[in-house]
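# Coordinates in review
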Amino acid sequence: MRPGGGAQALTSTAHGAAGEREEGPADGQAPLFAAPAASVPAAAENATTSPDRPDAVRGPGLRTTAGFEVVSELPVASVRLVGVLPHLDRPFEYAVTPDTAAAGPGMRVRVRFSGKDTEGIVLERRAEPTTDRALAPLHRLVSDDVVVPPAMMRVCEDVAERSAGTVGDVLRLALPPRHARAEKADRAAAEKEAVADAPAPAEDEVIATSEETAATAGLAPADEAASAEEPAASDGDDRAAAPPDTPAAPRHGDRYPGLAALLSRAGSAEGPVPRASLVLDPVDPWTAIAAESIAALGPDRGALVIAPDQRDVTRLSRVLTERGIAHEVLAGTEGPEKRYRTFRRILRGATRVVLGSRSAAFAPVQDLALVICWDEADDLLEEPRAPYPHTRTVLQCRSAEERCALLFLSASESVTMRALTDAGYLARLDPVPAPVTAVRPRIVAMDQYLRDREGPSGRSRLPQEAMRVLRNGLQAGPVLVQVPRTGYAPAIACTFCGTRARCPECAAPLSQRGRNGPLHCTVCGRREDGYRCPECDRTHVRAMVIGSTRTAEELHRAFPDAPLKVAGGAHGPLEDDAVPEHGIVVATPGAEPAPPGRYSACLLLDADAMLGRAAFDADVEAVRRWRGAISLVRTAEEGGEVLVVGTSTLPAIRDLVAHRSALFLNRVLEDRRELDLPPFRRVAEVVGEREACRGFLETTELPDGTEVLGPVDLEGPEQAGRARAVLRIEPRRSRELAAALRSGVAARSARKDRGSLRVRLDPPDVF
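Calculation rules
- Residues numbered from 1 in each chain as written.
- Predicted model: local features only at pLDDT ≥ 70, side-chain atom pairs only at ≥ 80, totals over all residues.
- Heavy atoms only, no water.
- Helix = DSSP H or I, 4+ residues; strand = E, 2+ residues; numbered from the N terminus.
- Buried < 20%, exposed > 50% of the residue type's maximum accessible area, 1.4 Å probe, protein only.
- Contact = heavy atoms within 4.5 Å.
- Areas by Shrake-Rupley, 256 points an atom, 1.4 Å probe, with all protein chains shown as cover.
- Pairing = 2+ DSSP bridges.
- Axes fitted to C-alpha atoms, helices over the stretch in contact; angles between N-to-C directions.
- Core = buried A, V, L, I, M, F, W, Y, C linked by side-chain atoms within 4.5 Å.
- Salt bridge = Lys/Arg side-chain N within 4 Å of Asp/Glu carboxyl O.
- Phe/Tyr/Trp six-rings, centres within 6.5 Å; stacked < 30°, edge-to-face > 60°.
- Lys NZ or Arg CZ within 6 Å of the ring centre and 35° of its normal.
- Disulfide = S-S within 2.5 Å.
- pLDDT = per-residue confidence, 0-100.
- Parallel < 35°, antiparallel > 145°, perpendicular 65-115°, else oblique.
- Left-handed = near helix turned anticlockwise from the far one by under 90°.
- Nonpolar A, V, L, I, M, F, W, Y, C, P; charged D, E, K, R; others polar.

Looking now at the overall build of the protein. Helix and strand counts for the protein come out as 22 helices and 27 strands. Evaluated residue by residue, the protein yields a buried proportion of 49% over its 767 residues. When contacts within the protein are restricted to residue pairs at least 6 apart in sequence, long-range pairs at least 24 apart make up 73% of them. Of the roughly 36700 Å² of accessible surface on the protein, 50% is carried by carbon and sulfur atoms.

Let us look at the sheet that holds strand S24 (residues 682-689). Pairing is antiparallel in the open sheet, where 4 strands are placed in the order S25-S26-S24-S27. This sheet does not close on itself; its edge strands, each paired only once, are strand S25 (707-713) and strand S27 (757-761). Geometrically, the sheet is characterised by an average inter-axis angle of 15 degrees between neighbouring strands, direction not taken into account. Two elements, S24 and strand S26 (residues 722-729), share 8 bridges in a ladder whose sense is antiparallel. In the strand pairing of S26, Val686 is matched with Ala725.

Turning to the nonpolar core, a few remarks are in order. The biggest cluster of nonpolar side chains holds 44 residues, and the ones touching the most others in it are Ile121, Val147, Val148, Leu171, Leu304, Phe362 and Leu395. For this core, the element with the highest residue contribution is helix H2 (residues 150-163), accounting for 6 residues. Apart from residues lying up to four places away in sequence, Leu304 is in contact with Val354, Ala360, Ala361, Ala363, Val365, Leu368, Leu370, Val371, Ile372, Leu395 and Arg398. With 34 residues, the next largest nonpolar core counts Val415, Leu604, Ala622 and Leu656 among its residues.

All chains considered together, the criterion is met by 65 salt bridges. Across the pair Asp375 and Arg624 runs a salt bridge, and its minimum N-O distance is 2.7 Å. In this pair, Asp375 sits in the loop between strand S10 (368-374) and helix H11 (391-402) while Arg624 sits in helix H18 (residues 618-630), placing the two residues 249 residues apart along the sequence. Of the residues examined, Asp375 reaches a relative accessible area of 12% and is grouped as buried. Using a relative accessible area of 10% as the deciding quantity, one classes Arg624 as buried. The closest approach of N and O atoms between Glu621 and Arg624, which form a salt bridge, is 2.7 Å. A residue pair is termed a helical-turn pair when its members lie 3 or 4 positions apart in one helix, as Glu621 and Arg624 do in helix H18 at 3 residues.

Under the counting rule described, the total for this entry stands at 3 aromatic pairs. Here Trp286 and Trp374 contribute two aromatic rings whose centre-to-centre distance is 5.1 Å and whose plane-to-plane angle is 5 degrees, an arrangement assigned as stacked. Of this pair, Trp286 sits in helix H8 (residues 286-295) while Trp374 sits in strand S10; the two residues are 88 residues apart in sequence, bridging distant segments of the chain. Like Trp374, Trp286 is buried. Stacked on the ring of Tyr256, the Lys or Arg Arg255 has its end atom at 5.4 Å from the ring centre. Here the guanidinium or amino end of Arg538 rests over the ring plane of Phe496, the centre of that ring lying 3.8 Å away.

Here the focus is the sheet that holds strand S17 (residues 519-521). The strands making up a sheet associate through backbone hydrogen bonding, with each pair oriented either parallel or antiparallel. Spatially, S16-S17-S18 is the arrangement adopted by the 3 strands of the open sheet, whose pairing is antiparallel. The open sheet has two free edges, formed respectively by strand S16 (510-512) and strand S18 (527-528), since each of these has just one partner strand. Looking at chain direction, S17 and S18 are connected through 2 bridges and run antiparallel. Directly across from His520, in S18, lies its bridge partner Arg527.

Right, let's get into the state of the cysteines. Applying the stated criterion across every chain yields a total of 0 disulfides. Left without a disulfide partner, Cys494 is nearest to the cysteine sulfur of Cys536, which lies 3.5 Å away. Left without a disulfide partner, Cys533 is nearest to the cysteine sulfur of Cys497, which lies 3.5 Å away.

On to the confidence of the model for the protein. With 85% of its residues at a pLDDT of 70 or more, the protein shows a mean pLDDT of 85. Per-element confidence in the protein is highest for strand S11 (residues 405-410), whose mean pLDDT is 98, and lowest for helix H1 (residues 43-46), whose mean pLDDT is 37. Contacts from residues 1-57, a stretch scored under 50 in pLDDT, to residues over four places away or in other chains number 97 contacts.

Most peptide bonds take the trans configuration, and most residues that are not glycine carry a negative phi. Residue Pro387 is reached from Ala386 by a cis peptide bond, and omega for that bond is 5 degrees. With respect to the helices, strands and loops of the structure, Pro387 is situated in the loop between S10 and H11. Cis rather than trans, the peptide bond between Pro678 and Pro679 has omega equal to 10 degrees. If you trace the backbone, Pro679 turns up in the loop between helix H20 (663-675) and S24. You will see that Ser114, though not glycine, has its phi angle at about 55 degrees, which is positive. With respect to the helices and strands, Ser114 occurs in the loop between strand S3 (107-113) and strand S4 (116-126). Owing to a relative accessible area of 68%, Ser114 belongs among the exposed residues under this scheme. Despite not being glycine, Arg598 shows a phi value in the positive range, around 65 degrees. Within the element layout of this structure, Arg598 appears in the loop between strand S21 (584-587) and strand S22 (601-604).

Okay, the packing of H2 against helix H3 (residues 167-174) next. Where H2 contacts H3, the two axes come as close as 9 Å, and the packing angle between them is 120 degrees. Comparing the axis directions of H2 and H3 gives the class oblique. As H2 packs across H3, the resulting crossing turns out to be right-handed. Listed contacts from H3 to Met153, Cys156, Glu157, Val159 and Ala160 of H2 are Val167, Val170, Leu171 and Ala174. A class-by-class count of the residues in the contact of H2 with H3 yields 8 nonpolar, no polar and 1 charged.

Shown next, in the form of structure tokens:
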């Protein structure tokens, strides 16, 4: 690094105690990419490496370790370390050397910490330290890129507080690893763009050049001007003769009047921040709504769109490309070089529209005005790494800190969205009234009337009514068949007593991979040729659940001439353009491809098995997955039809048949309120070794009113010696519980207690 070269302006305002938030401007919003206020310190230019340098240069009260020089202005840097132990999650002060004089807030540095070379982020530069201990030097300035601006640092701190985690862990989620070659290539690209965008020559230079050209051609400047005006007049005549513009086609977003109001206030520096939830009708593709919302923003406004699956991101990227909207895709599936190059392009403002999955929630979009999240209830948006923040939580923190509008799009309203709407945090955007046949397909449940009319076959897994829907749908286009499980027969039971078949070695469920294949264990891989029921000692078994492979086999026998594709599970994803025109697609929930012309019909098989999942939110999750498949089907006016094969009297299935009914979610919320389940209780989970879990609960001072369930030992051969405890508290005191758990983990780390332990707030599978 060149001493004193390339230094950016540094703030001289002290932030006070470590971790204390910086005061913003009068309107309450600090610009995310605002340049710091103070001038560049000139100490690097005047600094000398001579050992005879006077001690006064170090400033009053500044003590350092021996062997290096420090700058004279703002010689102290407050650094937040990345990836340290929980009890060390606080800012540390280091001395700024002439080689690191360019280090400013938000830049990456390397420091020596506990004998190791550790990465850190500069928080601020100070004139004096807050400690009387000797300061170690900043070891190296990694890059002069401001990768974590002050506002983004506050977002990371807020996420850490809400998730009972450390800021260092959140920074690891927010920052991609630096790639030197990608940074060098992007700097070269930025220089080329700067040269290409250089201002045009001055007007007098253009006139002089024009006169020289006219003299060379033997024309007077006035004659040249007249000749230059002729094409313009011709163009004007052509515009006058052209027919008037045809009226613009109706947009999908016009059906939701509140959406225009939200977009009009997106990015506003004053007034309340608009936040809303929008449940789309099947006729409205979410990609079209998102593209129209982005196009409605000003050219100087930024937008961020988060989708749970990379296929959803690709679909939206395709729509934006067709509409000529420049954007970047920040995906976790890309290589480190491409990902960091994309990150730098976003950081320097080369593009203001960013798409991505869960890992893009921290994308440093400049002038961020709008954040869109599609299907926030999808489990892919749950972060599997500490401190396990949900993408929804990250986006809420960014909306509060950066004053950007927040819009949640979904095909089915989740319990969390309903709770936030009822609490007044979100506004519900309802569509204008329209005929049901024009906004959704015809949805029919296999009720008792249809079963009795059909006879004995009406109670089978594939009744004649389902065959009729398939037959009629194949004549008009592709047909979708959704099944809850992959494989051939993923669950096997005794034919006589119904006891589920389990592996005698590890007690895991046994499954069947083919029509006449043997039974296999899904965990240890044991092959069980001579299975006997432990209850009745019989050898005959039957399939409890039919998977996608066997369903495809049965449908191929019924429709041998129709092309058939299987998506999901071991078969892998199926691309949207690979769907046969008049074929059948058998898919598991979430793996359904979206053909351009949509499906003409859809079968939702084994609905009771989907609702029978061992989870407290199985019914809500089943409705969400079903509505996701229904959103891919044509409307009833276009001949679209959906048949649900299951018990038609169940509330979840009845909610599918009804159009925009709130009865099902109201009933779910009432039941959860009585049982003290989320969202009416904030839940935390403590999982670890038995003694570590018990010791943590005994030494941690929990808030008054915290309900502790457990700890109880976990079942299974892989969970030997491990226990789990569940803590519940009312939502208004959730910050107290998060702070107590955070301090408890830090105290445990400082004591160096033995045993592994994991603390997680709002776990998805706690009940």
